[in-house]
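Here is how the chains run, residue by residue.
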Amino acid sequence: MLNERVLPLIATIVVFVLLYGYGIYEYKGFRDTLVFTNLLTDNAFLIVTAVGMSFVIISGGIDLSVGSMIAFIGVLLAYLISGLGIHPVFAAVIALCVATFFGTMMGVIIAYFDIQPFIVTLAGLFLFRGLAYLINLDSVPIDHSFLVTLAEIYVPLPGRGGLTFIAMAMIVLLVIGMVVAKRTRFGLNVYAIGGDKQSASLLGVPVNRTLVKIYALSGFYSGAAGIVFAIYTGSGYPLAAVGVELDAIAAVVIGGTLLTGGVGFVVGAFLGALIQGIIQTLIIFDGTLNSWWTKVAIGVLLLLFILMQKGIVHFTKRYTEKSVKPEPEAVPVTKAA
Amino acid sequence: MQFVSKPRPDAKTLAPVISLFVLIMGTSLVTPGFLDISIVDGHIYGSLVDIVHRATPMLLVAVGMAIVIGTKGIDLSVGSIIAISGAVTAVLTVNTEWLPFVVMGCALLAGMACGLWNGLLVTVFGIQPIVATLILMVAGRGIAQMITGGQIVTFHSEFFNAIGNGFFAGLPLRVVLAIVIVVATALVLRKTALGLFFESVGANAESSRLMGIDSRMLILIAYVFSGFCSAMAGIILAADIRGADANNAGLWLELDAILAVVIAGASLSGGRIYLGLTVIGALIIQTLTTAILTSGLPAQYNLIVKASIVLLVLLIQSSRTRDFVKSRLMLARRSSHVE
């Protein structure tokens, strides 16, 4: 089972355990399960976004519109609940439909017009932020007795910790994502497209239809992240979640998914997002470091993981080439370095 | 081949120019006095001058971006480089007695070092450009905040005031500066073979290498140049507000810059550098922004309009759309023949 596909995930788990172990060693507070369950609650929206992003990146694409989508859905939700007085459950369903619709539209443009996902979702980033501004310019509180009941749901765990509603919702969405990726035909198609689009199409994978579904799924997940974020902050704010797309991509990469597509695990996104959360928590616990260290630390971690992936791919390629041909040609990377 | 000095007047190159013209005319109908240019104290004033003045930083970034995109890359870190060079300018001006020229040189070097870093990640480690520059985009603002100590550092310097808001021969100094950089770049690209080399690397890096072009070095140069342009934009932006704001300086400028290059008609899959049209693209975006603001529409329409335009341009550029239209035309022609 120990092959190059699993190695990055194992590295992620090692980093996660090391960081958490350091926290436990250094600070007494880390020993409570409270820190861990707080990580789940505080990073729920990021994890949900990263699950959707996993599918996109495994298929070899990228979705830059997720941060704006979170803000847009949050503002839409606030408008539907506080402005129009719609029950939160219906409002959430409407918001999810809207998010999935916009994701589908981006997918159609990417698949059927053959335009790079990067630039299409960049336009989406503009569009959703603009739509959020259009609905509202200010932060709007979301008040509803139903949401208060949701916020009161709390499953206590030993060690002062406990699961909130959004943490549980996140876990449900994560498990659904994992099952879809590994146990459905759609999930297999996603991996096939990420591995090689041409071969996938020759093998009978409906490439265009799957691409549309992938971006629809990413839209759905970022919409769900928007709802989670709105419940978490209790408001809708058009300037919310700026730059979350980068955090989500970082989470997916740190989680061991290859950016070239075809290789990756949805659960890696969960670990990647938690690692970012731990770094943030450690910096808060330290107290002397400024919050911008988080950004630098995540940037460095991102770099290390990308380099590690490159190294693994490089060496496995060399190894397999050696077993096929007696004398492998010089790999260009080593030549001009 | 496309010469910057003599654009071939075909539909593709004319489209951005005509769009800019229509846009300016349209805006002048809605906003009276839009075309007025007056000379006060020997300085030129007017809405059009204001557009050029405001467009300068984005234009510079777009020129660097055009070359990077020409080599089949992308530079997402320009906003962070702007923040870093602005921070270096502010901190050195406040904390040292160095000459403004030296300070400016340091800020430019900082930007070029960032570009070198991006270039090394792309060439030596073979990381995809989106991801390689993403790292600096994430970490860069953190680095800028480290330089400024997390504060908005304000500074006062005659030299930088002149760069931000001064005039030279009646024109805003920063516009003159941008013109010098753009013209110099155009000359170097088109009067030497360098421009062709960049485009050849963008079209096919491997075959260029086999033809004896040092692809890696050229890609490296492209990113360093983009870093230089962004650093220049950062200096201008910092000089404009007389301070360095590590959080907001150049925020989302990368999107505008990429948009300008796309409007110019350059394919994101590399191989084409349209410097003159990129400048026009940058002016189109700034005119749009100004037009939306002066026409009384809410500012929030700005993002939606930009997004719609980029999607429209992309859909028109898409080969699939062209094939579809062509096949439809063929069908129409055939059916008319039958009748």
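Values in this document were obtained by computation on a predicted structure and should not be read as measured data.

Each helix and strand in chain A was counted, giving 15 helices and 4 strands. Computed over C-alpha atoms, the radius of gyration of chain A comes to 21 Å, within 12% of the 20 Å expected from 2.2 N^0.38 for 337 residues, which places it in the range of a compact globule. Dimensions of chain A, computed from C-alpha atoms along their principal axes, come out at roughly 70 × 55 × 35 Å. Every one of the 337 residues in chain A was classed for burial, and the buried ones make up 49%. Taking all contacts inside chain A whose residues are at least 6 apart in sequence as the whole, residues at least 24 apart take part in 78%.

Before going further, it helps to examine the confidence of the model for chain A. Residues and elements named next belong to chain A. Put simply, chain A has an average pLDDT of 86, and 94% of its residues get 70 or more. Element-level mean pLDDT values for chain A span from 45 in helix α15 (residues 332–336) up to 95 in helix α3 (residues 44–58). This stretch, residues 327–337, has a pLDDT under 50; its non-local contacts, to residues over four places away or in other chains, come to 9 contacts.

What follows concerns the packing of helix α3 (residues 78–95) of chain B against helix α11 (residues 253–263) of chain B. Residues and elements named next belong to chain B. In the contact formed by α3 and α11, the axes pass within 7 Å of each other and the chain directions differ by 125 degrees. Relative to α11, the element α3 lies oblique. Contacts from Val-78, Gly-79 and Ile-82 in α3 reach Leu-253, Glu-254 and Ala-257 in α11. The residue makeup of the contact of α3 with α11, split by class, is 4 nonpolar, 1 polar and 1 charged.

Here we come to the confidence of the model for chain B. Residues and elements named next belong to chain B. Averaged over chain B, the pLDDT score is 85; the fraction of residues at 70 or greater is 96%. pLDDT under 50 marks residues 1–7. Its contacts with residues more than four places away, or in other chains, come to 11 contacts. Here the prediction assigns the complex a pTM of 0.82, and the interface score ipTM is 0.74.

The interface is formed by 36 residues belonging to chain B together with 38 residues belonging to chain A. Counting residues per element, the ones that place at least two in the side of chain B that touches chain A are α5 (129–148), α11, α13 (301–317) and α14 (319–338) of chain B. With 12 residues, α5 of chain B is the largest single contributor of residues to the side of chain B that touches chain A. Its residues assigned to classes, the side of chain B that touches chain A comprises 23 nonpolar, 9 polar and 4 charged.

Residues and elements named next belong to chain B. For the pair helix α2 (residues 47–70) and helix α12 (residues 275–294), the least separation of the axes is 8 Å and the interaxial angle reads 135 degrees. For the element pair α2 / α12, the angle class is oblique. In the crossing of α2 with α12, the sense of the turn from one axis to the other is right-handed. Contacts between α2 and α12 involve Ser-47, Ile-51, Arg-54, Ala-55, Met-58, Leu-59, Ala-62, Val-63 and Ala-66 from the former and Leu-275, Thr-278, Val-279, Gly-281, Ala-282, Leu-283, Ile-285, Gln-286, Thr-287 and Thr-290 from the latter. For the contact of α2 with α12, the residue count by class is 12 nonpolar, 6 polar and 1 charged.

Looking now at the nonpolar core. Formed by 218 residues in total, the largest nonpolar core has its most connected members in Leu-77 of chain A together with Ala-66 of chain B. Of the residues forming this core, the biggest block, 17 residues, is contributed by helix α10 (residues 215–241) of chain B. Ignoring anything within four residues of it in the chain, the contact list for Leu-77 of chain A reads Ala-91, Ala-92, Ala-95, Ile-142, Ile-227, Ala-230 and Gly-236 of chain A.

Positive phi, close to 55 degrees, is recorded for Asp-114 of chain A, a residue that is not glycine. Along the chain, the position of Asp-114 of chain A falls in the loop between α5 (88–112) and α6 (117–135). Take Asp-114 of chain A: there are 13 C-beta atoms within 10 Å of it, and that puts it in the partly exposed class. Its identity as a non-glycine residue notwithstanding, Lys-72 of chain B has a phi of 70 degrees, on the positive side. Here Lys-72 of chain B is to be found in the loop between α2 and α3. Judged by the 21 C-beta atoms lying within 10 Å of it, Lys-72 of chain B is buried.

Each regular strand displays side chains that alternate between the two surfaces of the sheet. Residues and elements named next belong to chain B. One ladder, built from 4 bridges, connects strand β1 (residues 37–40) with strand β2 (residues 43–46); its direction is antiparallel. Paired with Ile-37 across the two strands is Gly-46, which belongs to β2. The antiparallel pairing of β1 with β2 creates a hairpin that spans 2 residues between the two strands, and Asp-41 there sits at a positive phi of about 55 degrees.

Let's shift gears to the environment of Ala-90 of chain B. All names here are of chain B. Counting through the fold element by element, Ala-90 comes out in helix α3. A tally of 31 C-beta atoms within 10 Å means that Ala-90 is categorised as buried. Sequence separation between Ala-90 and Met-104 is 14 residues; the distance between their C-alpha atoms is 9.9 Å. Contact partners of Ala-90, with chain neighbours within four places excluded, come to Thr-148, Val-153, Phe-155, Ala-238, Gly-243 and Ala-244.

Let us look at the environment of Ser-68 of chain A. Residue and element names in this part refer to chain A. Here Ser-68 is to be found in helix α4 (residues 66–83). Residues Ser-68 and Gly-226 lie 158 residues apart in sequence; the distance between their C-alpha atoms is 9.2 Å. Every residue in contact with Ser-68, bar those within four places of it in the chain, is listed here: Gly-124, Leu-125, Phe-128, Arg-129 and Ala-132.

Residue and element names in this part refer to chain A. Locating Leu-202 in the fold gives a position in helix α10 (residues 197–202). Note on Leu-202: 10 C-beta atoms within 10 Å, which makes it exposed. Distance in space between the C-alpha atoms of Leu-202 and Ile-62 is 23 Å, their sequence separation being 140 residues.

Calculation criteria
- Residues numbered from 1 in each chain as written.
- Chains lettered and ligands numbered in written order.
- Predicted model: local features only at pLDDT ≥ 70, side-chain atom pairs only at ≥ 80, totals over all residues.
- Helix = DSSP H or I, 4+ residues; strand = E, 2+ residues; numbered from the N terminus.
- Rg over C-alpha atoms; globule rule 2.2 N^0.38 Å.
- Buried ≥ 20, exposed ≤ 12 C-beta atoms within 10 Å, placed from the backbone.
- Contact = placed C-beta atoms within 7 Å.
- pLDDT = per-residue confidence, 0-100.
- Axes fitted to C-alpha atoms, helices over the stretch in contact; angles between N-to-C directions.
- Parallel < 35°, antiparallel > 145°, perpendicular 65-115°, else oblique.
- Nonpolar A, V, L, I, M, F, W, Y, C, P; charged D, E, K, R; others polar.
- Left-handed = near helix turned anticlockwise from the far one by under 90°.
- Core = buried A, V, L, I, M, F, W, Y, C linked by C-beta atoms within 7 Å.
- Pairing = 2+ DSSP bridges.

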